[in-house]
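Analysis of the macromolecular model
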Amino acid sequence: MLSTPNAAVELIKGNIERHPDKAAYICGDRALTYRDLDLAGRRFAQLLRTSGISPGERVVIALPDCFAFPIAFLGCLLTGAMAVAAGSSHRDEDLTHIVNNSGARLLISHADHARQHATICCGIRQIICDDNGPTEDNASPAAFTATYQPSADDFAYMLYSSGSTGRPKGIPHRHASLLLPCDLMGNKVLGITGDDVIFSTSKLSFCYGLINSFSFPLHFGATAILHPGKPDIRSILDIIEKHKPSVFFSVPTVFRHIALSCAEPELKLPMRLCCSAGEALPATLFKEWQRLTGLEIIDGIGASELSHHFICNPPGHAVAGSTGKVVPGYQVRLVDDNGNDVPSGSEGNLLVSGETRSPHYWNLPEKSRTTMLPDGYTRTGDIFLEKDGYYYYRGRSDDMIKVDALWVSPVIVEEALRGHPAVAECAVAAVAVCGLARPGAFVVLSPGVKLTPGLAQELTEYLKSRLPDYMCPARFRFLDDLPRTSTGKIKRSRLREHMFHEAPPSDVSE
Amino acid sequence: MDIIAELKNLMLKVGVEESVVSELTPYLPLAGHVMDSMGYTAFIVAVEERFGVTIADDPDKPFIRSLNDFKKLIEEKD
């Protein structure tokens, strides 16, 4: 069996030789040096060993973005355990699913959530951490000597991404998926160096955030800023003011909100690069950001199945409204529904191939078969158009909705909405608000229920008590019937078209 | 119709506190100062549906930031 470098060793060793006292991470007012990160990572690895964790066994890291997250992640890589980067924002039922579906033997919880996790994931052993690492850690870093030597096929980590059925699906990756994006994207496209200070508002539990805040800083010997809280605008602007990042990774909603919050004609920012992903960046926002800050937003697209970006705008040559060009090292095809390549200038289904591709979903053979194609390409579910080498997002081929870079399955929202007694039938589809996608709800009322001016608000409050805010519909439309196919399936595509293209009809909504 | 008063009424409906709304000047950007991203989205939808306007993603039009911007857009529609 061919061996492959252990990503933890590759990412950390050069830093210990070159600049052990340099800050690898900043969180609030505290810094974690490369030396301390290395020691803490090896201590964590020893803790996993003494906990009886063997190579290949799954360890769920349910931590916020604090020092403990990269420490635990490094520890898993060093021992060969498979780190399941779950983060701290999952709903209880999703975390339970992740623990059960992955077959995890160990759950890493923050002290603030440990009791709750123990309740919802009963029976699994826990390691409890504070922001800095395990709260009870007697392991010596010197005791950990035998770093795991992975084979090329060994999985290093797994991410969970929302699926169309509403259940998050596991996407396992090999060590190379942590290393290759550093050269392909970090070096060749973005030109990141050791002088950079990186701030990603996307968390470590997302593919975008994991590479931005774990792989990039360690590979280039840079410094990354971690923010454990919610990425609200005040906190983000405070962090930018205080720590002056040179590279900023975020999502369109955050860029838009910063731009909207600015009362002055200009906004002075310390960044040299502003990068966006997670959902399509409206051309309006690209231009307004450039006018305000003098900076381009470098838009790109990646997927959990591919580890990081495979299409991205080249800095200095970004095109408004475009997602960019193919990242070196990846191959992209746009095909029709029969799998034939479409000509330049025509819309097609986006297929991507590259060495960072996940080979299959975890325990989902049928879904894997239809997504990870035998010719090495992965079906993304996105529809794109290519012109002059630049790619333009045109929508989704399935029903999933990307809101603030988070997937929303219509199924979950519909299930919750159907619980309200006024709702007989409903369907949820993407609608546009200021050029960004949001869930929209189409509702058929129960017999005898009258449409009143306050009903949409009542349904919103009902859903807010059951779902995260980003899943709650931004618009409601009340219909006599839902459009259906001849087999009775709801035609969400027709609903999408209806809501996207109509003028706001004040007479229909309430 | 007092458009600013009506806009403030819509802000109350989407959950902005009364004390914040009553102190609000028409020139202050609403996003980041008064509303978070979700609140701002809810407010835009409420304005669109109440006044029959579209806050479009149009590169040739300025960003709508303050109550005065919303008022201007509504008056232009009329």
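Treat the numbers as computed from the prediction; the structure is a model and nothing was measured.

**As for the overall build of chain A**
Looking only at helices and strands, chain A features 15 helices and 25 strands. By the compact-globule yardstick of 24 Å for 510 residues, chain A fits well, its C-alpha radius of gyration being 23 Å. Seen through its principal axes, chain A has C-alpha atoms that stretch 70 × 50 × 50 Å.

**Overview of the nonpolar core**
Residues and elements named next belong to chain A. In this structure, Val59, Val60, Ile61, Ala72, Ala83, Val84 and Ile108 are the most contacted members of the largest nonpolar core, which totals 177 residues. Here this core gets nine residues from one element, more than from any other, and that element is helix H3 (residues 68-79). Those residues in contact with Val59 that lie beyond four places of it in its chain are Leu48, Ile53, Cys76, Ala81, Met82, Ala83, Val84, Ala104, Leu106 and Ile108.

**Points about the domain arrangement of chain A**
Under the domain assignment, chain A is made up of domain 1 (9-24 + 33-174) and domain 2 (401-509). Distance from the C-alpha centre of domain 1 of chain A to the C-alpha centre of domain 2 of chain A: 38 Å.

**Regarding the interface of chain A and chain B**
Contacts between the two partners involve 27 residues from chain A, matched on the other side by 25 residues from chain B. Counting only elements with at least two residues in the side of chain A that touches chain B, the list comes to helix H8 (233-243), helix H9 (252-261), helix H10 (283-293) and helix H15 (506-509) of chain A. If one sorts the elements of the side of chain A that touches chain B by residue count, H9 of chain A sits on top with five residues. Here the residues of the side of chain A that touches chain B are counted per class, giving 12 nonpolar, eight polar and seven charged.

**Examining the environment of Ala104 of chain A**
Residues and elements named next belong to chain A. The topology assignment puts Ala104 in the loop between helix H4 (92-102) and strand E5 (106-110). Through-space distance from the C-alpha of Ala104 to that of Thr4 is 24 Å; in sequence the pair is 100 residues apart. Those residues in contact with Ala104 that sit more than four places away from it in its chain are Arg58, Val59, Val60, Val84, Val99 and Ile124.

**Quick word on the sheet that holds strand E15 (residues 309-312) of chain A**
All names here are of chain A. The nine strands are arranged E2-E1-E11-E10-E12-E13-E14-E15-E16 in an open sheet whose pairing can be described as mixed. Looking at the sheet topology across the chains shown, the edges are occupied by strand E2 (30-33) and strand E16 (325-326). Where strand E14 (residues 297-302) lies against E15, three bridges are found, and the strand directions are antiparallel. If you follow Gly302 over to E15, its bridge partner there is His309. Across the face of the sheet, helix H7 (residues 207-220) comes into contact with strand E1 (23-27), strand E10 (197-200), strand E11 (223-226), strand E12 (247-250) and E14 while running at roughly 165° to E10.

**Focus: the sheet that holds strand E25 (residues 475-478) of chain A**
Residues and elements named next belong to chain A. Across the sheet, three strands lie side by side as E23-E24-E25; this open sheet has mixed pairing. On the outer flanks of this sheet lie strand E23 (423-433) and E25, each paired with one strand and no other. Direction aside, neighbouring strands of the sheet carry axes that sit 25° apart on average. Both E23 and strand E24 (residues 436-445) contribute to a ladder of 10 bridges, which runs antiparallel. Of the residues in E24, the one forming a bridge with Ala432 is Ala437.

**Considering helix H6 (residues 176-187) of chain A**
Residue and element names in this part refer to chain A. With 12 residues, H6 extends 16 Å between its outermost C-alpha atoms, agreeing within 8% with the 16 Å of an ideal straight helix rising 1.5 Å per residue. Extensive coverage of H6 is indicated by the burial of nine of its 12 residues. All buried positions along H6 are accounted for by Ser177, Leu178, Leu179, Leu180, Pro181, Cys182, Leu184, Met185 and Gly186. Looking at the packing, one finds that the buried side of H6 touches helix H1 (7-18), strand E8 (155-161), strand E9 (169-174), H7 and E15.

Quick notes on the rules
Residues numbered from 1 in each chain as written. Chains lettered and ligands numbered in written order. Predicted model: local features only at pLDDT ≥ 70, side-chain atom pairs only at ≥ 80, totals over all residues. Helix = DSSP H or I, 4+ residues; strand = E, 2+ residues; numbered from the N terminus. Rg over C-alpha atoms; globule rule 2.2 N^0.38 Å. Core = buried A, V, L, I, M, F, W, Y, C linked by C-beta atoms within 7 Å. Buried ≥ 20, exposed ≤ 12 C-beta atoms within 10 Å, placed from the backbone. Contact = placed C-beta atoms within 7 Å. Domains from an automatic or database assignment. Nonpolar A, V, L, I, M, F, W, Y, C, P; charged D, E, K, R; others polar. Pairing = 2+ DSSP bridges. Axes fitted to C-alpha atoms, helices over the stretch in contact; angles between N-to-C directions. Expected span 1.5 Å × (residues − 1).

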